[in-house]
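# Inside the fold
Single-letter residue listing:
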Amino acid sequence: VMQETFLVIIRRCKTLRKRAALTSFVVGVSLRVARNELRKRRVRRWIGLEDAAVVPMVPGHDPIAAETLRRFYAGLDRMDASSRVLFVLRHVEGLELTELAEMSGCSLATVKRRLARSDQRFRAITRADPALRRLLGGADDD
């Protein structure tokens, strides 16, 4: 995915008009490639060409942390690609709402609406998984 992102950036960098827009350009391309890859993976899993999502290794082989991470990724896999990307950028990477709006090329109000839907979807997923609900503690509150 990283190589594909790099290739798209190299191919399209000629269209960049302002040097100051380079960061937004790179982030925008990265987001589109990541969303497309998530969509492709979902289709490949659905037709049986790919196994379930690969979960990163947990340092120290902590079985509780590994199970938490596995369930968290399984929850993310149940979200659509756009919601997942937005959710992760906000809650895992810690990006501000204004950054998300700039990166996604939409208004702050649109980002807030989409993030609210993503949060609601993840809470519903968490409520459906008792172990994840316990591990995240209080995620089932509306």
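Residues numbered from 1 in each chain as written. Predicted model: local features only at pLDDT ≥ 70, side-chain atom pairs only at ≥ 80, totals over all residues. Heavy atoms only, no water.

### Observations regarding the overall build of the protein chain
To be explicit about the condition: Strands here are runs of E lasting at least two residues and helices are runs of H or I lasting at least four, both read from the DSSP assignment and numbered beginning at the N terminus. Throughout this description, buried means an accessible area under 20% of the type-specific maximum (1.4 Å probe, protein chains only), exposed means over 50%, and partly exposed covers the range between. Note on areas: Shrake-Rupley with a 1.4 Å probe; residue coverage comes only from the protein chains shown.
Regarding its fold elements, the protein chain presents seven helices and zero strands. Taken across its 142 residues, the protein chain has 27% of its residues classed as buried. Carbon together with sulfur atoms contributes 56% to the accessible area of the protein chain, which is approximately 9800 Å² in total.

### As for the packing of aromatic side chains
Spelled out, the test is: Pairing of aromatic rings covers Phe, Tyr and Trp, the last counted by its six-membered ring, and requires centre-to-centre distances within 6.5 Å; plane angles under 30 degrees mean stacked, over 60 mean edge-to-face, and any other angle means tilted.
Under the counting rule described, the total for this entry stands at three aromatic pairs. Between the aromatic rings of Phe72 and Phe122, the centroid separation amounts to 5.5 Å while the plane-to-plane angle is 65°, which identifies the pairing as edge-to-face. Of this pair, Phe72 sits in helix H3 (residues 63-77) while Phe122 sits in helix H6 (residues 108-128), and the two are 50 residues apart along the sequence. We classify Phe72 as buried; its relative accessible area is 17%. Residues Phe87 and Phe122 carry aromatic rings whose centres are separated by 4.6 Å and whose planes lie at 35° to one another, so their mutual orientation is tilted. One end of the pair, Phe87, is in helix H4 (residues 81-91); the other, Phe122, is in helix H6, and 35 residues separate them in sequence. The exposure classification of Phe87 matches that of Phe122, with both residues buried.

### Comments concerning H4
In plain terms, the rule: Whenever two N or O atoms come within 3.5 Å, that pair is a polar contact, provided that in protein one can donate a hydrogen and the other can accept it, and provided that, for residues adjacent in sequence, both atoms are side-chain atoms.
What H4 keeps buried is the set Ala81, Ser83, Arg84, Val85, Leu86, Phe87 and Leu89. Residue Asp80 occupies the N-cap position of H4, its side-chain oxygen lying 3.3 Å from the main-chain nitrogen of Ser82.

### Things to note about the environment of Met103
How we decide: For this analysis, residues touch if any pair of their heavy atoms sits within 4.5 Å.
Take Met103: it is sitting in helix H5 (residues 97-104). Residue classification places Met103 among the partly exposed residues on the basis of a relative accessible area of 22%. Dropping the residues within four chain positions of it, Met103 is found in contact with Val27, Gly28, Leu31 and Leu95.

### Re the environment of Val26
You can see Val26 is positioned in helix H2 (residues 22-46). For Val26, a relative accessible area of 28% puts it in the partly exposed group. Residues Val26 and Ile9 lie 17 residues apart in sequence; the distance between their C-alpha atoms is 6.6 Å.

### Brief notes about the pattern of salt bridges
Basically, it comes down to this: Salt-bridge detection follows one rule: a side-chain nitrogen of Lys or Arg within 4 Å of a carboxyl oxygen of Asp or Glu.
Per the counting criterion, the structure on display carries two salt bridges. The residue Asp129 makes a salt bridge to Arg71 at a minimum N-O spacing of 2.7 Å. In this pair, Asp129 is assigned in the loop between H6 and helix H7 (130-136) and Arg71 in helix H3, connecting sequence segments 58 residues apart. Looking at Asp129, the relative accessible area reads 16%, which means it is buried. Here Asp77 makes a salt bridge to Arg84, at a shortest N to O gap of 2.5 Å.

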